[in-house]
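The chain contents come next:
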Amino acid sequence: MCGIVGYVGNKSVTPLLIEGLKRLEYRGYDSAGIAVVNDHGMRVSRSVGRVSVLESNVMPTDGGNGVEPFDGCLGIAHTRWATHGEPSEANAHPHTCQTRCGNTVAVVHNGIIENYATLRQYLTKKGYHFTSETDTEVLAVLIAELYEGDLESAVQTALREVRGAYAIAVVCNREPHTLVCARKGSPLLIGLADKSYVVASDASAIIEHTTQAITLDDYQVAKLCAGMEDKTTADGGPWSVDFKTTTIDNLPVTHEVRELEIGLEQIELGDYPHYMLKEIMEQPESIRNCLRGRIDQRENRVVLGGLGEVSRQLVHAKRFILTGQGTAYHAGLIGEYLIQDLAKTPAHSEYASEFRYRNPLIEENTAIIAISQSGETADTLAALHEAKDRGALALGVVNTAGSTISRETDAGVYLHVGPEIGVASTKAFVGQVVVLTLMTLYLGRRKFLSQEALQSHLAQLERLPQHIATVLEQSDHIRGCVERWVDRDNWLFLGRGYNYPVALEGALKLKEISYIHAEGMPAAEMKHGPIALIDDGMPVVFIATQGSQYDKVMSNIEEVKARGGTIIAVATQGDREIHRYADSVFEVPDVPEALQPLVTVIPLQLVAYHAAVLRGLDVDKPRNLAKSVTVE
Ligand code: G6P
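For the structure given in this document, a descriptive report is provided here. In this text the structure is predicted, and so the values were computed from the model without any measurement.

Considering the arrangement of structural elements, one finds Ser-311 in helix 8 (residues 311–316). A sequence separation of 100 residues divides Ser-311 from Ala-411, and the C-alpha atoms of the two residues are 9.7 Å apart. Each residue touching Ser-311, except ones within four places of it in the same chain, is listed here: Tyr-442 and Arg-446.

This part covers the packing of aromatic side chains. In total, this model carries four aromatic pairs according to the counting rule given. Pairing Tyr-329 with Tyr-351 gives two aromatic rings, centres 3.8 Å apart and planes at 25°, and the pair type is stacked. Linking Tyr-329 in helix 9 (residues 326–342) with Tyr-351 in strand 18 (residues 347–351), this pair joins segments that are 22 residues apart in sequence. For Tyr-351, a relative accessible area of 34% translates into the label partly exposed.

The subject of this paragraph is the side chain of His-274. Tracing the backbone shows His-274 in the loop between strand 14 (257–259) and helix 6 (275–281). The buried category is assigned to His-274, whose relative accessible area is 17%. For His-274, the contacting residues outside a window of four places in its chain are Leu-269, Tyr-609, Val-613, Val-619 and Asp-620.

Quick look at the pairing of strand 5 (residues 95–98) now. Judged by which residues are buried, strand 5 turns out to be one-sided: His-95 and Cys-97 face inward and are buried, whereas Thr-96 and Gln-98, on the alternate face, are not. As paired elements, strand 5 and strand 6 (residues 104–110) share four bridges and run antiparallel to each other. When the bridges of strand 6 are listed, Gln-98 appears paired with Thr-104. The hairpin turn running from strand 5 into strand 6, its antiparallel successor, is five residues long, and Gly-102 in that turn takes a positive phi close to 85°.

Let us look at the packing of helix 13 (residues 427–445) against helix 19 (residues 597–614). Pairs of packed helices are described in terms of their axes, by the angle between the two and the distance that separates them. In the contact formed by helix 13 and helix 19, the axes pass within 10 Å of each other and the chain directions differ by 175°. Classified by the interaxial angle, the pair formed by helix 13 and helix 19 is roughly antiparallel. Counting all contacts with helix 13, which are made through Phe-429, Val-430, Val-433, Val-434 and Thr-437, the residues of helix 19 involved are Leu-598, Val-601, Ile-602 and Gln-605. Looking at the contact of helix 13 with helix 19 residue by residue, the classes come out as seven nonpolar, two polar and no charged.

A few words now on the environment of Gly-164. Residue placement: Gly-164 occurs in the loop between helix 5 (151–160) and strand 7 (166–172). Assessed through its relative accessible area of 10%, Gly-164 is described here as buried.

Turning our eyes to something else, we now look at the sheet that holds strand 10 (residues 196–200). With respect to topology, eight strands assemble into an open sheet ordered 3-2-4-1-10-9-11-14, the strand pairing being antiparallel. Whereas interior strands pair on both sides, the edge strands pair on one side only; in this sheet they are strand 3 (41–48) and strand 14. Strand-to-strand twist in this sheet, taken as the mean axis angle between neighbours without regard to direction, amounts to 20°. Summarising the sheet, strand 2 (residues 31–38) and strand 3 pair through eight bridges and their orientation is antiparallel. Within strand 3, the position partnered with Ala-32 by the bridge is Ser-47. Of the strands in this sheet, strand 1 (3–8), strand 2 and strand 4 (74–80) are in contact with helix 1 (residues 13–24), which crosses strand 1 at around 155°.

Rules and cut-offs
Residues numbered from 1 in each chain as written. Predicted model: local features only at pLDDT ≥ 70, side-chain atom pairs only at ≥ 80, totals over all residues. Heavy atoms only, no water. Helix = DSSP H or I, 4+ residues; strand = E, 2+ residues; numbered from the N terminus. Contact = heavy atoms within 4.5 Å. Phe/Tyr/Trp six-rings, centres within 6.5 Å; stacked < 30°, edge-to-face > 60°. Buried < 20%, exposed > 50% of the residue type's maximum accessible area, 1.4 Å probe, protein only. Pairing = 2+ DSSP bridges. Axes fitted to C-alpha atoms, helices over the stretch in contact; angles between N-to-C directions. Parallel < 35°, antiparallel > 145°, perpendicular 65-115°, else oblique. Nonpolar A, V, L, I, M, F, W, Y, C, P; charged D, E, K, R; others polar.

So, to be careful, I would describe these as geometric facts and stop short of saying anything about function.
Structure below.
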């Protein structure tokens, strides 16, 4: 989704901001813009399309047709993912407005200003003209209207009038060494670098400069200043940096500096052609990290430090609600099966967006598990708030340390799979299912699960990185098979039991990056309508591993075969029977049913990846998608 970068310090800001925007490209966007301030004024540029277009406008390499590169030590920049108004230059950020005394204010914004129509009407009556269809421009105009020589104060006053969600960074040419930023409901970090501050909506745009950062809380405003203390000395004098945090009501706030837990190498491509492939291939390692320290073999127990304080409440929980969006929802569905099956406790999973608005019933001793890679998904956060308000114990299964969901839950377990850059979630899904499995075993052992059953599951989990590595070795084979059907525009994914959510996930992956229409469903459901779709050669992917429903799945395979469909099967190693029916077989190691999703999803990730590459698509920047959706 939209991305923010801001910088104030002692370096030339334009290349820093452009580099920061490139780091945020993976989040998804359709236009970009920048505002740079120096002692002589402010320059703004906005463009539709890739950051490289903006880069060539503000840092021309060919002499720039007389256009001077943007120069200054203070600036803000933005990648926009359209919500209000189409992707266009006029709607791109920063939005600017002249104050009554002739200064210019520029604003970049993530989130949605809900009362923008009322504010726009009010400001129009005051004589302001609007040049875009965005809610953000209203905020820029409001700050300009309230500006009386103190940017921080104008921002605070403006934000007291605003309803909705925002992360903003604001500059004014009258204060060429000051950046003001604020947040409510949309993430914003401030990196404390050497003689400078870097503001960003995502840690990946900061870690090149520093690992020391502050996470702003809701309704907080930060004023960041950097500049020469004494301009009269020849070398510019000593450099001073200063910042303070307040609330929008101007009450002082003590900020806490924390260490960002990601390394630069984790967000760089290395030798891989795409982040998605890198993240798929690195799963043995990332899952090893996810499991690290969480299985105590000698004592035969699961160690989840994040749940220690709520373990009694967990045991007494009468119901679990698992919620999330997209891939995280699919992980939640598997969690539902796990908790009911192994911990014998009622559980149900639901899209956060649906849960939130249907007046959900939260009985006593209910726990909600919010599942999210980013920890910032607006729908998931809203569902969490709703359940908390109704008395539920709030748990998080989150990848991004320090994210909003992780901070707003009572307890939780981090995935520890490292930052996920590929828009199509892969390693985070497997990490989510691993964590939900561990949580289930943790809970189950305190309830009905025998020592033996626990031991056997833990032993299998320990072997998981190796199992995944075995499946990954088939990447070339999978590519060869996909090549045969990649021109087909409609695919079905079918599975039963634990592998039904995997079918949903396989279909979602294929849709997201290859733009092939794909549907996932329980294999038995096919007969109740979708079978009408099956025609000559239609690819139907079955998850047909050994287990309690193997025979039933085989019957479904025969039904498709009889109608001319192409059968692609994910099957257990050594299953000879399946080769008689399937046109292609991807093998996975033999693991207990409850753990099968952790291996059966891997070939489906590779199917989606290879299909997109074979179709010549930009795997890491799929059209219209955002990595983290911070609006409801
Ligand atoms: C977006 C992404 C999906 C992701 C979903 C939930 O739609 O494109 O890949 O599964 O958000 O994201 P979260 O960060 O909450 O896991």
